[in-house]
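What follows is each chain in one-letter form.
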Amino acid sequence: MFSKVLVAVDGSRNARAALHEAADIARTQGASLTVMTVYRALSPPLTPLDVPIPQTVYDEVVAAHVAAAEAQLSEDLSMLPQELSAEAVVVEGSPAAAILQRAADGGHDLIVMGSRGHGDAASILLGSVSHDVLHHSRVPVLIVHLQDVEA
C-alpha cells in the first residue's frame, strides 16, 4: 500500500496518462498526491561574440520558463477529480535528478511517470528521464505507457 505518491508531468500525453493513473492510485489507497514539473533554467547565455546577455534579460527568460511550467502544471491539475487534492510543485533542474530528490525529500513511496516510448535504442541516444529515474530510485517507479491506458 502506498501513502505518498509523486507524479512527474511535462504536459505530454504520456504524462497526462501517468497523472490519471497516479490519481487513481492515490484515491483508491487514500494516499497523498504530489504533482510536480521540472523546468531547466538556462546557463547565462552568451552571444556569438561571447558578450554576456544582461542579467535583466536572463532573469526575464527564466521567469518565462517558470511561468510556462506553472501554467502547464495548473492545466494538468485541472484534470484531477475535484474530490482529490494534490500538492503542486515546480522545480528547477535536471528532470531525473529533481524527481529523485523530491521523492527522497518528500518521503514518497511511489513515483509515477509517463514514458515517451522512444524504446531502448533511442533512449541510449536521447537519454530518458523515466529510464534514469527507474534505475536510480530507492522506491518503486510506475512507468505508464500511453497504449497501456488506451487499450
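If you're wondering where the values come from, they're calculated on a predicted model, not measured in any experiment.

How each quantity is defined
- Residues numbered from 1 in each chain as written.
- Predicted model: local features only at pLDDT ≥ 70, side-chain atom pairs only at ≥ 80, totals over all residues.
- Heavy atoms only, no water.
- Helix = DSSP H or I, 4+ residues; strand = E, 2+ residues; numbered from the N terminus.
- Core = buried A, V, L, I, M, F, W, Y, C linked by side-chain atoms within 4.5 Å.
- Buried < 20%, exposed > 50% of the residue type's maximum accessible area, 1.4 Å probe, protein only.
- Axes fitted to C-alpha atoms, helices over the stretch in contact; angles between N-to-C directions.
- Parallel < 35°, antiparallel > 145°, perpendicular 65-115°, else oblique.
- Left-handed = near helix turned anticlockwise from the far one by under 90°.
- Contact = heavy atoms within 4.5 Å.
- Nonpolar A, V, L, I, M, F, W, Y, C, P; charged D, E, K, R; others polar.
- Expected span 1.5 Å × (residues − 1).
- Arc of directions from axis to C-beta.
- Pairing = 2+ DSSP bridges.
- Right-handed = clockwise from strand over helix to strand, strands pointing away.

> Is there a simple way to explain the environment of Glu75 in this structure?
Within the secondary structure, Glu75 is located in helix α2 (residues 55–77). C-alpha of Glu75 to C-alpha of Gly11: the two residues are 64 residues apart in sequence and 8.4 Å apart in space.

> What is the right way to read the nonpolar core from this model?
For soluble globular proteins, nonpolar side chains are generally found buried alongside one another. One finds Val5, Val7, Val9, Leu33, Val35, Leu80 and Val112 to be the most contacted residues of the largest nonpolar core, which totals 21 residues. Sorting the residues of this core by element identifies β1 (4–8), α1 (13–29), β2 (32–39) and β4 (110–114) as the ones contributing at least two each. Among the elements that make up this core, the one with the highest residue count is α1 (eight residues). Core analysis: the second largest hydrophobic core is formed by 14 residues, Met36, Val89, Ile99 and Ala103 among them.

> Explanation requested: the packing of helix α3 (residues 95–106) against helix α5 (residues 129–136) in the structure shown.
Any two packed helices are characterised by how steeply their axes cross, that is the angle between the axes, and by the distance between the axes. Relative orientation of the contacting elements α3 and α5 amounts to 40°, with a least axis distance of 8 Å. One way to sum up the angle between α3 and α5 is to call them oblique. α3 and α5 meet at a crossing whose hand is right-handed. Along its contact with α3, which presents Pro95, Ala96, Ile99 and Leu100, the element α5 presents Val129, Asp132, Val133 and His136. Looking at the contact of α3 with α5, its residues break down into six nonpolar, one polar and one charged.

> In this structure, what is going on with α3? I would like to understand it.
Residues three or four positions apart in an α-helix share a direction because the helix packs 3.6 residues into each turn. The first and last C-alpha atoms of α3 sit 16 Å apart over 12 residues, in line with the 16 Å expected at 1.5 Å per residue. Every buried residue belonging to α3 is among Ala96, Ala98, Ile99, Ala103 and Gly106, and all of these are buried. Buried residues of α3, seen end-on, are gathered within an arc of 170° and therefore sit on one face of the element. Of the residues in α3, the exposed ones pointing more than 90 degrees away from the buried face are Ala104 and Asp105. Buried positions along α3 lie against β1, β2, β3 (87–92), β4 and α5. Downstream of α3 by a residue or two, Gly107 has a phi angle that is positive, lying close to 65°.

> Where do I start with the pairing of β2 in this structure?
Within a regular strand, side chains alternate between the sheet's two faces. Along β2, seven of the eight residues are buried, which leaves the element largely enclosed by surrounding structure. Here β1 runs beside β2; their pairing, made up of five bridges, is parallel. Pairing of Ala8 across the sheet is with Met36, part of β2. Regarding the hand of the β-α-β motif, the stretch spanning β1, α1 and β2 is right-handed.

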